[in-house]
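# Working through the structure, step by step
Each chain is listed here by its residues.
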Amino acid sequence: MSQDSIHGHPEVVTTHEVHHDEHHGHHKETFITKYVFSQDHKMIAKQFLITGMVWAVLGGLMSVLFRLQLGYPNETFPWLEDILGRWAKGGRISVENYYSLVTMHGTVLVFFVLTGGLSGTFANFLIPLQIGARDMASPFLNMLSYWFFFGGSIVILASFFVQTGPFSGGWTFYPPLSALGDASPGSKIGADLWIIGMALFVVSSLLGGLNYISTILNMRTKGMSMSRVPLTVWALLFTAVLGVLSFPVLLSGLILLLFDRHAGTSFYLSDIFIAGKALPNEGGSAILFQHLFWFLGHPEVYIIILPAMGLVSEIMAVNCRKPIFGYMAMVGSMFAIAILAFLVWAHHMFVTGLNPFLGSVFVLLTLLIAVPSAIKVFNWLTTMWRGNIRFTPAMMFAVGFVSLFISGGLTGIFLGNSTLDIQLHDTYFVIAHFHIVMGVSAFFGMFAGVYHWFPKMYGRYMNNTLAYIHFWVTLVGAYLIFWPMHYEGLAAMPRRYMDYSAWSSFNQFEGLNQFISTVAIIVFAVQLLFLFNFFYSIFKGRRVTSQNPYGATTLEWTTPIRPGHGNWPGEIPEVHRWAYDYGKDDRSFIPQTEPIGAHESKH
Amino acid sequence: MTTTGFFLLAILALGFLITFQIAKASEYVSILKGEKKAFEQNNRINAFLMVVFLVLGLIGVWWCNKLLYKKTLLPYPSASELGTNIDTMMWITLAITGAVFFATQILLFWFAYKYQHSDKRKAFYYPHNNKLEIIWTTIPAIALCVLVGFGLFYWFKITGEAPKDAMVVEVTGKQFQWIYRYPGKDNTFGKKYFRLISPGSNDLGMLWNDTVLVKETKGGGHGDHGHAPVDNKTVIKADPAGYDDIIQSSALYVVKGEPVKLVINAQDVIHDVGLPHFRLKMDAVPGTPTTLWFTPTYTTEEMKKITGNPNFEYEIACDQMCGNGHYTMRGVVKVVTRDEFILWRAQQKPAYAAYAEARGIAPANAAPADTTQATAASAAAPVKLANN
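What you see is a predicted model, and the numbers here were worked out from it, not measured in a lab. (Residues numbered from 1 in each chain as written. Chains lettered and ligands numbered in written order. Predicted model: local features only at pLDDT ≥ 70, side-chain atom pairs only at ≥ 80, totals over all residues. Heavy atoms only, no water.)

### As for the overall build of chain A
- A count of helices and strands for chain A gives 16 helices and two strands.
- Rg of the C-alpha trace for chain A: 24 Å, near the compact-globule value of 25 Å for 603 residues, within the 12% margin.
- With respect to the principal axes defined by its C-alpha atoms, chain A has extents near 80 × 55 × 45 Å.
- Across the 603 residues of chain A, 69% fall into the buried class.
- Look at the contacts in chain A between residues 6 or more apart in sequence, and 77% of them connect residues 24 or more apart.
- When the 32 basic and 32 acidic side-chain charges of chain A are each reduced to a single mean position, those positions are 8 Å apart. (Helix = DSSP H or I, 4+ residues; strand = E, 2+ residues; numbered from the N terminus. Rg over C-alpha atoms; globule rule 2.2 N^0.38 Å. Buried < 20%, exposed > 50% of the residue type's maximum accessible area, 1.4 Å probe, protein only. Contact = heavy atoms within 4.5 Å. Lys, Arg positive; Asp, Glu negative; His and termini not counted. Charge placed at Lys NZ, Arg CZ, Asp CG, Glu CD.)

### Some words on the interface of chain A and chain B
- At the junction of the two partners, chain A supplies 131 residues and chain B supplies 115 residues.
- Taking both partners together, chain A and chain B bury about 10800 Å²; carbon and sulfur atoms supply 68% of that area.
- Where chain A meets chain B, there are three salt bridges.
- One salt bridge in this structure joins B:Arg195 and A:Glu282, with 2.6 Å as the shortest N-O distance.
- When the residues that make up the side of chain A that touches chain B are grouped by side-chain class, the tally is 83 nonpolar, 31 polar and 17 charged. (Buried area = accessible area lost by both parts, 1.4 Å probe. Salt bridge = Lys/Arg side-chain N within 4 Å of Asp/Glu carboxyl O. Nonpolar A, V, L, I, M, F, W, Y, C, P; charged D, E, K, R; others polar.)

### A closer look at the environment of B:Trp178
Residue and element names in this part refer to chain B.
- Looking at the element boundaries, Trp 178 is found in strand E2 (residues 177-182).
- Residues Trp 178 and Gly 331, 153 residues apart in the sequence, show an inter-C-alpha distance of 6.3 Å.
- Those residues in contact with Trp 178 that sit more than four places away from it in its chain are Val 171, Thr 172, Gly 173, Ser 249, His 271, Asp 272, Val 273, Ile 316, Cys 318, Met 329, Arg 330 and Gly 331.

### Digging into the packing of helix H16 (residues 510-540) of chain A against helix H1 (residues 3-33) of chain B
- Orientation of H16(A) relative to H1(B), taken along the N-to-C sense of each, is 45 degrees, at an axis distance of 12 Å. Taken as axis vectors, H16(A) and H1(B) run oblique relative to one another. As for the relative orientation of H16(A) and H1(B), their crossing is right-handed in sense. On H1(B), the residues touching A:Ala525, A:Leu528, A:Leu529, A:Phe532, A:Tyr536 and A:Lys540 of H16(A) are B:Phe16, B:Thr19, B:Phe20 and B:Lys24.
- Considering only residue class, the contact of H16(A) with H1(B) consists of seven nonpolar, one polar and two charged. (Axes fitted to C-alpha atoms, helices over the stretch in contact; angles between N-to-C directions. Parallel < 35°, antiparallel > 145°, perpendicular 65-115°, else oblique. Left-handed = near helix turned anticlockwise from the far one by under 90°.)

### A short note on the pattern of salt bridges
Residue and element names in this part refer to chain A.
- Inspection of every chain in the model, using the stated rule, returns 27 salt bridges over all chains.
- In this structure, Glu 600 engages Arg 577 in a salt bridge whose closest nitrogen and oxygen atoms are separated by 2.7 Å. With Glu 600 in the segment after H16 and Arg 577 in the segment after H16, this residue pair connects regions lying 23 residues apart in the sequence. Summarising the burial analysis for this pair, Glu 600 and Arg 577 share the class buried.

### A closer look at the sheet that holds strand E10 (residues 290-294) of chain B
Residue and element names in this part refer to chain B.
- Pairing in this open sheet of five strands is mixed, and the strands run E5-E2-E1-E7-E10 from one edge to the other. Here the strands that pair on one side only, and so sit at the sheet edges, are strand E5 (246-248) and E10. Averaged over neighbouring strand pairs, the angle between their axes works out to 25 degrees when direction is ignored.
- Pairing geometry for strand E1 (residues 167-174) and strand E7 (residues 260-266), over seven bridges, is parallel. Bridged to Thr 172 within E7 is Asn 265. (Pairing = 2+ DSSP bridges.)

### Notes on the sheet that holds strand E12 (residues 330-336) of chain B
Residue and element names in this part refer to chain B.
- Here five strands make up an open sheet; going across it, the order is E6-E12-E11-E8-E9 and the pairing mixed. Only two strands of the sheet have a single partner each, and these edge strands are strand E6 (252-255) and strand E9 (280-284). Between one strand and the next, the sheet's axes are offset by a mean angle of 25 degrees, whatever the strand orientation.
- Sitting on the sheet, helix H6 (residues 338-347) touches E6 and E12, and the angle it makes with E6 is about 140 degrees.

### Thoughts on the side chain of A:Asn124
Residue and element names in this part refer to chain A.
- With respect to the helices and strands, Asn 124 occurs in helix H4 (residues 95-131).
- We classify Asn 124 as buried; its relative accessible area is 0%.
- If near-sequence neighbours (up to four positions away) are discounted, Asn 124 is found in contact with His 41, Ile 44, Ala 45, Phe 48, Ser 119, Met 136, Asn 142 and Tyr 212.

### A short note on the environment of A:Phe482
Residues and elements named next belong to chain A.
- Tracing the backbone shows Phe 482 in helix H15 (residues 464-490).
- Classification of Phe 482 as buried rests on a relative accessible area of 10%.
- Sequence-wise, Phe 482 and Val 371 are 111 residues apart; in three dimensions their C-alpha atoms are separated by 24 Å.
- Setting aside chain neighbours within four positions, we find Phe 482 in contact with Ala 432, His 435, Ile 436 and Val 440.

### Considering the domain arrangement of chain B
Residues and elements named next belong to chain B.
- Along its sequence, chain B is carved into domain 1 (26-117 + 127-159) and domain 2 (167-385).
- Taken together, the contact pairs 13 residues of domain 1 with 15 residues of domain 2.
- Summed over both sides, the interface between domain 1 and domain 2 buries roughly 1300 Å², with carbon and sulfur atoms accounting for 63% of that surface.
- Applying the counting rule to domain 1 against domain 2 returns one salt bridge.
- Where Asp 87 meets Arg 279, a salt bridge forms, and the shortest distance between an N and an O atom there is 2.8 Å. (Domains from an automatic or database assignment.)

### Here's the deal with the packing of helix H7 (residues 231-262) of chain A against helix H9 (residues 327-340) of chain A
Residues and elements named next belong to chain A.
- Packing of H7 against H9 brings their axes to within 10 Å, and their N-to-C directions diverge by 10 degrees. Between H7 and H9, the interaxial angle falls into the category roughly parallel. Facing Leu 231, Trp 234, Ala 235, Phe 238 and Leu 242 of H7, the residues of H9 in contact are Tyr 327, Met 330, Val 331, Met 334, Phe 335 and Ala 338.
- When the residues that make up the contact of H7 with H9 are grouped by side-chain class, the tally is 11 nonpolar, no polar and no charged.

### Concerning helix H7 (residues 351-358) of chain B
Residues and elements named next belong to chain B.
- Within H7, burial applies to Ala 351, Tyr 352, Ala 353, Tyr 355 and Ala 356.
- Packed against the buried residues of H7 are E5.
- One or two positions beyond H7, positive phi appears at Gly 360, with a value near 70 degrees.

### Observations concerning the side chain of B:Thr295
All names here are of chain B.
- Mapped onto the secondary structure, Thr 295 falls in the loop between E10 and helix H5 (300-307).
- For Thr 295, a relative accessible area of 5% gives the class buried.
- Once residues lying within four places of it in the same chain are set aside, the contact partners of Thr 295 are Ala 79, Ser 80, Glu 81, Gly 257, Glu 258 and Pro 259.

### Let's talk about unusual backbone geometry
- Note the cis peptide between A:Pro175 and A:Pro176, where omega equals 5 degrees.
- Mapped onto the secondary structure, A:Pro176 falls in the loop between helix H5 (139-158) and helix H6 (189-218).
- Residues B:Gln175 and B:Phe176 are joined by a peptide bond in cis, for which omega reads -5 degrees.
- If you check the backbone angles, A:Asp586 has positive phi at about 65 degrees while not being a glycine.
- Tracing the sequence through the fold places A:Asp586 in the segment after H16.
- The backbone of B:Arg279 sits at a positive phi, close to 65 degrees, despite the residue not being glycine.
- Here B:Arg279 shows up in the loop between strand E8 (271-275) and E9.
- On the basis of relative accessibility, which here comes to 2%, the residue B:Arg279 falls in the buried class.

Quick look at the structure:
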């Protein structure tokens, strides 16, 4: 492992612990160009990450607030009124705000944290570093991508401050509820802001996605064929393709909805009598929106989970000191997932009155997607088999990811089967399923990524003890929160109810709801510990002293400890082999930059 | 903020501080001990915790099941014939996924423990094995085919056409209540039209009167002066079939052992007729009627005995987010015997009777007085009659 001193000017472009503008180095960068309108992919990645963290805290806090209501429906919390004002008159969250919190929790976490925060961070950070490029294909568009994301965030945030409140009809935004201001207070100006915020988000996602795709396809260094790139890059490529193909469909669906709201069209509206009058709209189909929404919505869950899969695959190989098992199978299964992602959307719509034959096609395609998922799980297990595992915090989260992905993936087999979906649709079983498989497990992938690449981002380590506490509490907490929810689902307890006490079929879970809420609050508090660890370590963490602290093969560890804009001070290294030569020929690892030796064994 | 609040916050802050100090201290200790030694120690502890987590987790799974199983619908029989299929499917799926769950989780955490870092061992260079990969592609594929096969077999049974002799009941959802309509003695539903809805007196928009609809044409023809003036009045004839329809909101009465077909509508936003005990569910979509049929197998009274709950009621839960009152949108299904149903039905007055009475029309009068109701309709909207 080499030392700092070997490299040209690692200290010249010191970035992060120095927050004063007087430290300019020789790039003539100002505070604005370096930290605000930066065109360096690494800085943009950090912007995405930190914005995502802010959103994650807000989104998590929302869930804490509505879990308080669910866990303690008969109690009042006067301090809630102190901090939330009219949102919680008398210490109880009002019904419209309960639904706003539920809706915004979903929107924020799905789009702004697990899409923007996850693939925004790691696509930006890892693609150029791992394929050997100095930056993205278009650093300028990349910068715009972040600022559109930021703009979208501001608009969504602003909707909390309008008189009628943010949108409150569920993150899936189904019309007519979302189309008619008379249907719900949140469907007034809040719904317009939601659409505008999402439109900006889509623009951001497209600018980013096109950039990621063109960078991966065109800017790989010499020797870096597609069969040699790390699985992270493959995962991020498929993610970007999914986003580019599906987000425009959401946008067009939302534009039609905007017309229905304000221009008197009837794309989604027909035969409606609301607030004492019949509406003029006729001939629209409310279900059409669901088709358009889920044509994005389903690929969206893979947009969330694929980057996590990529990060986990890479981290597993590095820390098991073994090649990832079945590289081509991993790529193939991600490809299969990406294709199938577009062919399964109507499994969200089995009980909308969908033609049963059409439903059956979607059952078949949906359960097919379990095959590539199973391949990936078996490959991860085999990667660990006979490895020599180092339990860095990143590796812990990678193991946790696999565990959660199995648990949540298997319940998908229940829900994808239309027969069972009739009973389980829109119950807590669904909540348990998707929170485990794409909520918590994607978070685990993200945590793994943050812990693993933090030294590359900031040239320092995060505190391990805090990381282990963070891991164990989160893993145990996640199971304690979501595992019992399957049972609530098996009692057909519906989602999105503010209070179950009036229902004789669903009021038997009072104690359980209290328990879940308590655990949720604890888990949330521990995430603050992670954030503290993150920000503290940026400034005060233990310094990284070796260029390749993990003994990893990939290119990001050939850059200086704190790479400047351009990543490599000299020539971009040439690549001679795939990214997974760990434990080969009795060597701990062989970097991708090392030419194939004369007597090297083949794999 | 209350003192308790401050107190809790203070405890939380203190907790953070202590955790942080311990974490800092352990970092210093690890530097003193030497990084390698600290790493090995951490590795051993965490590998051990992986197995502890596995064992405690498996116990937790068992315990959770013990506590919660009887609170679900699983221990009780389905209240509909088709629901029994769903229960069978549930058990098949549980068996297959359960086996995979335990096998993979045990392997995962066991491998994590067993293959923890050791200086004495080297990782085994094992990049791929085509045979293995083919095996674990085909086995899941076969298992899933089995699940798809069973699933679709039941799915087509459940979603198939209702038997010809099924009783038809119309269910209409609106924010936030359910309205049930039974055809009267003529066994035919009267026509209705959403523009004729008048809350309180004509909740479903029944065609009880001859009604003249006036279309509102936008003032000033834009360049179409050449055309003859359009007739902007449409007369909708009253539908006598609707005079004996029973419309009520108290409960959905169905007969044990006889198939019932629900025709489901919504007036404002999407709702969903969720029938937990019958294992069924169907959206109510404005503008697009949907259907659902089932055969109840236990009366409400019988279900009280089965569940051991003297207050048991079959509930209709709205299962699609429909606005702020979503969680209050509760309906009740009364499953009764044939005789009880006939008695109940005989007691019901046609909804038209009350309507006519309020307007001083003799209910027997087949051709009600001509009231003209001007309803605003957009110029473009063609007048459409809903049959059900």
